[in-house]
Amino acid sequence: MKFHLMQTGVIGRRHELEQGMAGQRPDLYQRYLEEVKGYVQLADELGYASYCSPEHHLQIEGFEITNHPGMWALFVGAHAKRMSAGILGYVLPTHNPVRVAEEIATLDHMLRGRLIVGFTRGYHARWVDSYAAVRGVGATNVAHAKAKDGQDAINREIFEESVQIVKKAWQNPVFSHKGKYWEFPPEGGSAGHPGYAEFGKGMDENGIVRQIGIAPRPFQNPYPKVYGAFAYSMRTVDMWAREGGKQIVFATDLDFCEALWKRYAESAKKAGRDVPREDIGAWGGFLILTDDKDEAERLRAEHRWFWDKWFIPHGQQFPNVLIGSADDISRQIEQAHERLGFNECFLMFGQGHLDPGRNNDELARFAEKVAPRFAVKDASGTLT
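To start, this report covers the structure provided alongside it. Note that this is a predicted model, so its numbers are computed, not measured. (Residues numbered from 1 in each chain as written. Predicted model: local features only at pLDDT ≥ 70, side-chain atom pairs only at ≥ 80, totals over all residues. Heavy atoms only, no water.)

What about the overall build of the protein chain?
Check the secondary structure of the protein chain and you find 13 helices and 13 strands. Its C-alpha atoms give the protein chain a radius of gyration of 21 Å, within 12% of the compact-globule value 21 Å for 384 residues. In terms of principal-axis extent, the alpha carbons of the protein chain reach across some 75 × 50 × 45 Å. Looking at the protein chain as a whole, 55% of its 384 residues are labelled buried. A fraction of 73% describes how many contacts in the protein chain between residues 6 or more apart in sequence connect residues 24 or more apart. Total accessible area on the protein chain is roughly 16600 Å²; 51% of this is exposed by carbon and sulfur atoms. (Helix = DSSP H or I, 4+ residues; strand = E, 2+ residues; numbered from the N terminus. Rg over C-alpha atoms; globule rule 2.2 N^0.38 Å. Buried < 20%, exposed > 50% of the residue type's maximum accessible area, 1.4 Å probe, protein only. Contact = heavy atoms within 4.5 Å. Areas by Shrake-Rupley, 256 points an atom, 1.4 Å probe, with all protein chains shown as cover.)

Written as structure tokens, this is what we have:
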């Protein structure tokens, strides 16, 4: 089993966040970079498979300071010798999908394949509204999805079309696309150039560009591993089953998780894909590893403060928590694995709002006390 680390991008401790506008303090951002570099280097030594971050912008309050997926992947890659950088993920309704495809392919080369990517829909209205790639698209969350309202529908349509465009760009030397929201090249084509005909392709006999292609193509063949980051909706599960993305689930309810696995397998089969159970999804949660029950409750309360102040008002659900001793957490993983059969586990930890010494000890203890019950290190040093 592979183990991945997931950070939330918190820039400061609780007392610093409570002072306000922590996200704009240069001293805190510099400390944040140094702390993350330390986590990446430690995780690389310990055998974790990747160090992952989401995408968010305009977070002046100091939560989720992860505002450039490509730069962040390079930062992680620059400080790891073996481990992959994980982008979980690009919020596609805020991007030109062809540009995303090209950026990921370029990163894939710069990191020589040490890259995994995910795509998400965007739940934070302030920045999704400001960064919207298509006029009219807005953020969506669990409430929008359950209501099946117009805002969720537009977001979903743009997201799904964008996923298809990214894959088309990765898989074809040149391509064209005409959909509901995107058209490449634009209607009528684009002005050509003699060099296109002599050295490339995609231009017609009249000198009009009718197809485009990204450069470079991905380093990994056919492209980096794709994840559907944090699936909760069955419609999203259906989409990833068709498109071949591995869902990441942080849900506590294993009956619900089993329903997701079953739905994915059925939808994939309808799409002509026979997917092994271990490739359907990854599972995980927030890591709180301690032998001290009082400390466990203090840490749970600290994480809960962070979640209640930030994520819950955005419509996000409190995630699964892997809490207790090494034996306790091993039992939680074992129980989930028996039900779901996953071969990858994603772990969030107290990056930013907890002391680095405490986090480092937790990551080391997990790698030394829990991970060996489910994995051994391969020739590269990765727990698998």
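With respect to helix α9 (residues 234–243)
Residues lying three or four places apart along an α-helix face the same way, a consequence of the helix completing one turn every 3.6 residues. Taken across its 10 residues, α9 has seven buried, putting it largely inside the fold. Among all positions in α9, only Thr 236, Val 237, Asp 238, Met 239, Trp 240, Ala 241 and Glu 243 are buried. Considering only its buried residues, α9 is in contact with β4 (115–120), α7 (150–171), β9 (225–228), β10 (246–249) and α10 (254–270). Where α9 ends, the next residue or the one after it, Gly 244, has phi of about 85°, a positive value.

Things to note about the layout of surface pockets
In this structure, the second largest pocket encloses a volume near 190 Å³. Every residue lining the second largest pocket is counted, 14 residues in all, and those nearest its centre are Lys 2, His 4, Ala 49, Ser 84 and Thr 382. Elements with a minimum of two residues in the lining of the second largest pocket: β1 (2–6) and β9. Residues belonging to the lining of the second largest pocket are distributed by class as follows: four nonpolar, five polar and five charged. (1 Å grid on protein atoms, 1.4 Å probe; cavity = no way out; pocket = protein on both sides within 12 Å on 5 of 7 lines; lining within 4 Å. Points joined across faces, edges and corners; volume = space filled by probe spheres on them. Nonpolar A, V, L, I, M, F, W, Y, C, P; charged D, E, K, R; others polar.)

What to know about helix α12 (residues 326–340)
Between the first and last C-alpha of α12 there are 21 Å, a value that for 15 residues agrees with the 21 Å anticipated at 1.5 Å per step. Those residues of α12 lying buried are Ala 326, Ile 329, Ser 330, Ile 333, Ala 336 and Leu 340. Burial along α12 is one-sided: seen end-on, the buried residues are contained in an arc of 135°. Where α12 terminates, the next one or two residues include Gly 341, which has phi positive at roughly 75°. (Expected span 1.5 Å × (residues − 1). Arc of directions from axis to C-beta.)

Concerning the pattern of salt bridges
According to the stated counting rule, one finds 32 salt bridges in the structure shown. Arg 156 is paired through a salt bridge with Glu 160; the nearest N and O atoms lie 3.9 Å apart. Taken together, the positions of Arg 156 and Glu 160, both in helix α7 and four residues apart, correspond to about one turn of that helix. A single burial state applies to Arg 156 and to Glu 160, both of which are buried. In this structure, the salt-bridge partner of Asp 204 is Arg 210, at a minimum N-O distance of 2.9 Å. (Salt bridge = Lys/Arg side-chain N within 4 Å of Asp/Glu carboxyl O.)

Here's the deal with the environment of His 56
Structurally, the position occupied by His 56 is in the loop between β2 (50–53) and α3 (69–78). Sequence-wise, His 56 and Tyr 90 are 34 residues apart; in three dimensions their C-alpha atoms are separated by 9.1 Å. In contact with His 56, not counting residues within four places along its chain, are Glu 64, Thr 66, Asn 67, Tyr 123 and Trp 127. Within the local environment of His 56, its side chain forms a polar contact with the side chain of Trp 127, the two groups lying 3.1 Å apart. (Polar contact = N/O pair within 3.5 Å; in protein donor to acceptor, adjacent residues only side chain to side chain.)

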